[in-house]
Structure formats: C-alpha cells, structure tokens
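# Structural overview for review
Okay, here's what each chain looks like letter by letter:
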Amino acid sequence: MSSTDVFLAGADAYNNKFDAEQYLKDCYQLDQDVVGKDSKNWMVKWLTQIHKVFAKGNLKGKKLLELGAGPCIYATISASKHYDEIVTSDYVKGNREQLTKWRNNDHDCFDWNPHIQIVCDLEGNGETAEERAKTLRERIVDVAFCDALKDPMLPSRNGEKYDAIVAFGVVEEVAPDRNSWLQILACIVKYLNPGGVLLLGNSLGSTFYRRGASNNRAFACYKTDRDEVISTLEILGTTILYESMLDLPGDGYFNDRTDKMFVVAQK
Ligand SMILES: C[S@@+](CC[C@H](N)C(=O)[O-])C[C@H]1O[C@@H](n2cnc3c(N)ncnc32)[C@H](O)[C@@H]1O
C-alpha cells in the first residue's frame, strides 16, 4: 500500500468500486502479461491443484455452489464432470453480468477457452475446450446474488444445501474482521449437506489486494494463516481431506499475501 491509497472494505465498497472487466484483465487474461508476471503459470498451478482433487474420483454429488465467483468460471471447470447442477454466485452485479454473458455464450463474453483447455489437457481424454464449455454452461443452473456476510447467503435459493461449496479468494477478501471471517466459514459449513465438501482458496497473510479496484484503491483482507484456517475448519466439525500451499506469494503491489492455500474439507 502507498500513503495515497484508499482502503476499501465491506459490501458497499464492492458494489461501487469492483470493476469486473478490469479484474478479468488483471488476473485471467493468459495471453497478455498484464501484471508483469507469468499469469499462465499462475493459472496452471491453480487449475492443476483443482484437477488433482477431482481426479481422485471421490468428490461427486448433485448440487455445487460457487460462492463469490466474481466474473469467473475457472473454479468449476473440473467439478463440472462430477456435479449435475452448479449454482454460481457473486455480490457484485457487474460480476453476475459477466457470468451470465458467459453462460449465454454471448459474442462479447470473456474467453475462458484457454483455461478450459488446460483442464482438458490435464484430464487427457481428448475433450475439446468447446465441448467442455458446453457441459459447464448446461450445468450452471443459476447465477445468483450472494452475500457471504449474511445468513442465508443466497436469499433467492430458499436455504437449500449443497454437496459442495467452492469459495476461492473470497473468505479473507470479504471479511472485515475475525468475527466476520468465522461467520462466513460457519455459514459455508452450515449450508453443506452431511458428507458434503468445501473447497477453499485462502489468501494467507494478506491485508489487502487491489485487482479489480480502480486507481489508488485496494480492498482490505482479514489476515490469517494456515493454522488458523485448519483449526477453525476442525472446530466447525469438518475433516480435512486435502491441503496444499500453491507457492504463489503476492508481489507487494497487487497484494501482500505470503501464499495461497488450497483446502478441501468434508462435513
Ligand atoms: C478476490 S475476488 C475473488 C473472485 C473469484 N472467486 C476468483 O477466484 O477470482 C473477491 C470476490 O468477492 C466478492 N464479494 C464481495 N463482497 C461479497 C459479499 N459480501 N459476499 C459474497 N461475495 C462478495 C467480490 O465481488 C469478488 O468477486
């Protein structure tokens, strides 16, 4: 953070200052080195981890929720073979608009085919990105409003429960303090069916990130570490099935995380 930066936190800051198109450019455009780093390498690491846990074959079910998806679909590419219905969600309207555009295959939607191709290559079945995109589009049954700081988090879904909940880059990023952070995790566990799994992508050691934020602004994060995440999930009654560090520290400008952690836990 520089001394001129404005720190943003809370739901209204997101509604007013989170720019979905900028976020996609900052984080997910693989053909362009927008952040001065190897963004493809970043994405390959992430998608490989997600692929690995689904390749074991024991994560499957009917309904999956992605909480705080942003304008992104990458998190459910692997899962789309294992869950029949996917509800994707975000707080910010501009993000939901991007998700809807992609689901409708609008001519100006973001191109996720390079990311989908990475997953198809990892699976090695010869499936094309276009074929897999079709499956994923068919399985996305809803693009819903969510507020992770409220219970129910998805007011339009009538308190339904899920066989899996995915939350990548959301819990620390949305929580203004420890109480809210605990509340979000407890709510995720509450809305899992017994035996259901949660998949978290936690930003460890982060106090801010600025991707998707306009000039001189950054979003505040709750600063946590590996032990706090794991012990909290255990206290909430889940069993850790998988955990891994991604070796993706922040660059100090876009964010100050020490690493990104991927955790899968079962209720
Ligand atoms: C760092 S982005 C992560 C987006 C995406 N999951 C990814 O992996 O790139 C944080 C996301 O949290 C969303 N968000 C902000 N406030 C929220 C809230 N109260 N409830 C749920 N999501 C929220 C933002 O709109 C944004 O999409």
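Attention in this report is confined to the structure presented alongside it. All chains use their own residue numbering, which begins from 1 and follows the written sequence. Since the coordinates come from a predicted model, pLDDT governs what is reported: local features require at least 70, and pairs of side-chain atoms require 80 or more to be given and counted, while whole-chain, interface and lining totals use all residues.

## Some words on the overall build of the protein
Looking only at helices and strands, one finds nine helices and ten strands in the protein. Each radius of gyration is computed over the set of C-alpha atoms, and the globule rule expresses the reference value as 2.2 Å times the number of residues to the power 0.38. Taken over C-alpha atoms, the radius of gyration comes to 17 Å for the protein, in line with the 18 Å a tight globule of 267 residues would show. Once the C-alpha set of the protein is aligned to its principal axes, its extents read approximately 50 × 40 × 35 Å. Whether two residues are in contact depends on their C-beta atoms, placed from the backbone: they are in contact if these lie within 7 Å. In the protein, the proportion of contacts linking residues at least 24 apart, taken out of those at least 6 apart, comes to 69%. Strands are runs of DSSP state E lasting at least two residues, helices are runs of H or I lasting at least four, and both sets are numbered from the N terminus onward.

## Brief notes about helix H6 (residues 129–139)
Among the residues of H6, Arg132, Ala133 and Leu136 are the ones counted as buried. Viewed along the axis of H6, the buried residues span an arc of 105°, placing them on a single side of the element. Looking at H6, the residues exposed on the side facing more than 90 degrees away from the buried face are Glu130 and Lys134. Contacts made by the buried residues of H6 are with helix H5 (113–123) and strand S4 (140–145). Here a residue counts as buried when 20 or more other C-beta atoms sit within 10 Å of its C-beta, as exposed when there are 12 or fewer, and as partly exposed otherwise, the C-beta atoms being derived from the backbone. Think of it as the arc spanned by the lines of direction from the helix axis to the C-beta atoms.

## Quick look at the site of the ligand
Whether a residue is near a molecule or strand depends on its C-beta atom, placed from the backbone, lying within 6 Å of it. Taken together, 21 residues sit near the ligand, with Gly68, Gly70, Tyr91, Ala148 and Gly169 positioned nearest. Those elements that provide at least two residues to the shell around the ligand are helix H1 (11–17) and helix H7 (171–174).

## What about the nonpolar core?
Counting 78 residues, the largest nonpolar core has Leu67, Ala164, Ile165, Val166, Ala167, Val171 and Ile188 as its most contacted members. Ignoring sequence-local partners within four residues, the contact set of Leu67 consists of Ser89, Cys146, Ala148, Met153, Ile165, Val166, Ala167, Val170 and Ile188. Here, a nonpolar core means buried Ala, Val, Leu, Ile, Met, Phe, Trp, Tyr and Cys residues linked by C-beta atoms lying within 7 Å of one another.

## Examining helix H4 (residues 93–103)
The α-helix advances 3.6 residues per turn, and as a result positions three or four apart in sequence lie on the same side. Of the residues making up H4, those classed as buried are Asn95, Arg96, Gln98, Leu99, Trp102 and Arg103. The arc that holds every buried residue of H4, seen down its axis, measures 155°, which confines them to one face. In this structure, the buried residues of H4 make contact with helix H2 (20–28), strand S3 (83–90), H6 and S4.

## Topic: the environment of Asp256
In this structure, Asp256 sits in the loop between strand S9 (239–245) and strand S10 (259–266). The partly exposed category is assigned to Asp256, around which 19 C-beta atoms lie within 10 Å. Note: C-alpha distance between Asp256 and Ser206 (50 residues apart in sequence) is 5.1 Å. Residues contacting Asp256, with those up to four places away along its chain left out, are Ser206, Thr207, Phe208 and Gly250.

## Considerations on the environment of Gln266
Mapped onto the elements of the fold, Gln266 is located in strand S10. Sequence separation between Gln266 and Asn255 is eleven residues, and the spatial gap between their C-alpha atoms is 29 Å. Excluding anything up to four places from it in sequence, Gln266 contacts Gly195, Val197, Thr238, Thr239 and Leu241.

## Points about the sheet that holds S10
The mixed open sheet is built from seven strands, whose spatial order is S4-S3-S2-S5-S6-S10-S9. Both edges of this open sheet fall to S4 and S9, since each of them pairs with a single strand only. Direction aside, the axes of adjacent strands within the sheet are offset by 15° on average. Sheet analysis places S3 next to S4, joined by five bridges and oriented parallel. Looking at S4, one finds that Thr88 is bridged to Val143. Between N-to-C directions, angles cover 0 to 180 degrees, with each direction set by a line fitted to C-alpha atoms, over the stretch in contact for helices. The strands touched by H4 are S3 and S4; relative to S4, the strand with the most contacts, the crossing angle is about 165°. Running over the sheet, helix H8 (residues 178–190) touches strand S5 (162–168) and strand S6 (192–204) and is turned about 150° from S6. Strands are treated as partners if at least two bridges between them are detected by DSSP.

## Comments concerning the packing of H5 against H6
Between H5 and H6, the shortest axis-to-axis distance is 9 Å and the interhelical angle comes to 100°. Classified by the interaxial angle, the pair formed by H5 and H6 is roughly perpendicular. Contacts between H5 and H6 pair Asn113, Ile116, Gln117 and Cys120 from the former with Ala129, Arg132 and Ala133 from the latter. Three classes are used: nonpolar for Ala, Val, Leu, Ile, Met, Phe, Trp, Tyr, Cys and Pro, charged for Asp, Glu, Lys and Arg, and polar for all others, with Gly counted as polar. Class assignment for the residues of the contact of H5 with H6 results in four nonpolar, two polar and one charged. An angle below 35 degrees is read as roughly parallel, one above 145 as roughly antiparallel, one from 65 to 115 as roughly perpendicular, and any other as oblique.

## Remarks on the environment of Thr207
Examined against the element boundaries, Thr207 turns out to sit in the loop between S6 and strand S7 (208–209). A count of 17 C-beta atoms within 10 Å places Thr207 in the partly exposed class. Linking Thr207 and Lys190, residues 17 residues apart in sequence, is a C-alpha distance of 27 Å. For Thr207, the contacting residues outside a window of four places in its chain are Ala220, Cys221, Lys223 and Asp256.

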